[in-house]
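Descriptive structure summary
Listed below are the residues making up each chain.
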Amino acid sequence: DRSRHRACRVFVMADLSGLMRAAVAVEKGVVRCEEVEIPHPSAGEVLVRTRAASICGSDLHMVNTGWAMHAFPAMAGHPGHEAVGEVIKSLSGKFAVGDIVLTAPHIWNSRCFADYQVVDDAHVLKLASDVDIDTVTLAQQLGTVVYAAKRLPSSLEGQTCLVVGQGSAGLFWDFTLRNLGAEKIISIEPLAWRRELGLAYGVDETVDVTGDSAVEAVRDLTGGAGADLVIEAVGTTRTLSQAFHLVRNEGRVVLFGLPESEDPVPFDYSQMFKSRADVFTVLGSQDEPGLTSYSEAALLISSGEIDVKPIISHRVNIGKIDRAFEIANERVDDAVKIGITFD
């Protein structure tokens, strides 16, 4: 009910029967901060005060194209799904008030771009009380990469791997492929600062062009064969088809990027057919028993095995969520991952 929303202002929330700040996608491509009622948990759910969040590339797809969105205006806080917070009220025997948690709801139920969110206890992961909230937020996206990588061979020794896109997902893939022993990692990324970050996370060779020129460059770097493994981490119609021109015959392709539309997406089926590639998509990390991959990702971050601080390029308060989405969409000013603060 839009009549319940009011222009957003900064305030300290104390009354759980009152109002909270929340991002509202009012129409395709338009997000703004509004005041809405604080939600109330039901049995088996917890109320979490969001302490930190971040914008995922899938949030941009959903807001800009309407993919998997129920309707506009969208649910308050939707589609944000990368967040860490504190349990304020618990109707679950699994969590207590004061627990610091990673929230990992399905993307179609997610609503973490708000001061408070209700999450069912199957999609909440308890974290150490002294965890660095500003960085462990990225365990949600890193966890999806960890989950996807479990479908790959346990060792990529001797293999040339290619990552299309060097946003935060692509950077996490760089790190993961290196940990799996890839002999060479190549990235395709037109933005210079993202290419440079990729080098820090495991990339050996960078390609700064796109389209047919990128295909030619990868062929040159692989002796004409193509990559053994291609990770498509962008999610556009163009890069979907391109992946099958980048992989070697009988290689592997991981379609990791969220589709840019719920409409049928055309792609080069002929090239896919000729490449005989082994292809899979990734969905369902939120249903992994015990949220194991998210737990593993949180440990990688908290232990310092991966330093995610360079990936968080901007921090924007929830009250300026419209600006946060602008930065993420425009990809300027060295933008990579946009963090959302709630102070």
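Residues numbered from 1 in each chain as written. Predicted model: local features only at pLDDT ≥ 70, side-chain atom pairs only at ≥ 80, totals over all residues. Heavy atoms only, no water.

Topic: the pairing of strand β9 (residues 160-164)
Definition in use: Working definition: with a 1.4 Å probe on protein chains only, accessible area under 20% of the residue-type maximum means buried, over 50% means exposed, and in between means partly exposed. To qualify as a helix, a DSSP run of H or I must reach at least 4 residues; to qualify as a strand, a run of E must reach at least 2; elements of each kind are numbered from the N terminus. Any two strands between which DSSP finds at least two bridges are classified as paired.
Burial analysis of β9 places 5 of its 5 residues in the buried class, the great majority of the element. Strand direction decides the pairing type here: β9 and strand β10 (residues 184-188), joined by 5 bridges, are parallel. Across the sheet, Thr 160 pairs through a bridge with Lys 184, a residue of β10. One ladder, built from 4 bridges, connects β9 with strand β12 (residues 227-232); its direction is parallel. Counted as the bridge partner of Cys 161 is Leu 229 from β12.

Some remarks on helix α4 (residues 168-179)
Stated formally: In this analysis, the expected span of each helix is defined as 1.5 Å times one less than the number of residues it contains.
Between its first and last C-alpha, α4 extends 17 Å over 12 residues, near the 16 Å set by a 1.5 Å rise per residue. Extensive coverage of α4 is indicated by the burial of 10 of its 12 residues. Looking one or two places after α4, you find Gly 181, whose phi comes out positive at around 90°.

Overview of the confidence of the model for the protein
Filter applied, for reference: pLDDT is defined as a per-residue confidence score from the predictor, taking values between 0 and 100. In what follows, a contact means two residues having at least one pair of non-hydrogen atoms within 4.5 Å.
Per-residue confidence for the protein gives a mean pLDDT of 93; residues scoring 70 or more make up 96%. Predicted confidence for residues 1-14 stays below pLDDT 50, and this span has 31 contacts to residues more than four positions away or in other chains.

Re the nonpolar core
The following threshold applies: The definition of a nonpolar core used throughout is a set of buried Ala, Val, Leu, Ile, Met, Phe, Trp, Tyr and Cys residues joined through side-chain atoms within 4.5 Å.
Trp 173 and Leu 177 are the most contacted members of the largest nonpolar core, which has 51 residues in total. For this core, the secondary structure elements donating two or more residues are β6 (100-103), α2 (133-136), α3 (139-149), β9, α4, β12 and α9 (292-302). With residues near it in sequence (within four places) discarded, Trp 173 still touches Val 145, Ala 148, Ala 149, Leu 152, Val 163, Ile 231, Val 254 and Phe 256. With 29 residues, the next largest nonpolar core counts Leu 60, Met 62, Ala 83 and Phe 113 among its residues.

Some remarks on the packing of helix α1 (residues 57-65) against helix α10 (residues 321-330)
Rule in force here: To obtain an axis, a line is fitted to C-alpha atoms, over the contacting stretch when the element is a helix, and the angle between two such axes runs from 0 to 180 degrees between their N-to-C directions. Here the angle decides the label: under 35 degrees means roughly parallel, over 145 means roughly antiparallel, 65 to 115 means roughly perpendicular, and every other value means oblique. Amino acids outside the nonpolar list (Ala, Val, Leu, Ile, Met, Phe, Trp, Tyr, Cys, Pro) and the charged list (Asp, Glu, Lys, Arg) are all regarded as polar, and Gly is one of them.
Running from N to C, α1 and α10 point in directions that differ by 105°, and their axes come no closer than 11 Å. By the angle class used here, α1 and α10 are roughly perpendicular. On the side of α1, the interface is formed by Asp 59, Leu 60, Val 63 and Asn 64, while α10 contributes Phe 325, Ala 328 and Asn 329. In the contact of α1 with α10, the residues fall into 4 nonpolar, 2 polar and 1 charged.

Some points on the sheet that holds β12
The parallel open sheet is built from 6 strands, whose spatial order is β11-β10-β9-β12-β13-β14. Here the strands that pair on one side only, and so sit at the sheet edges, are β11 (205-207) and β14 (278-281). This sheet shows a mean twist of 20° between the axes of neighbouring strands, independent of strand direction. Two elements, β10 and β11, share 3 bridges in a ladder whose sense is parallel. In the sheet register, Ser 187 faces β11, and the bridge partner there is Thr 206. Across the sheet, α4 lies against β9, β10, β12 and β13 (247-255), angled at about 170° from β9, the strand it touches most.

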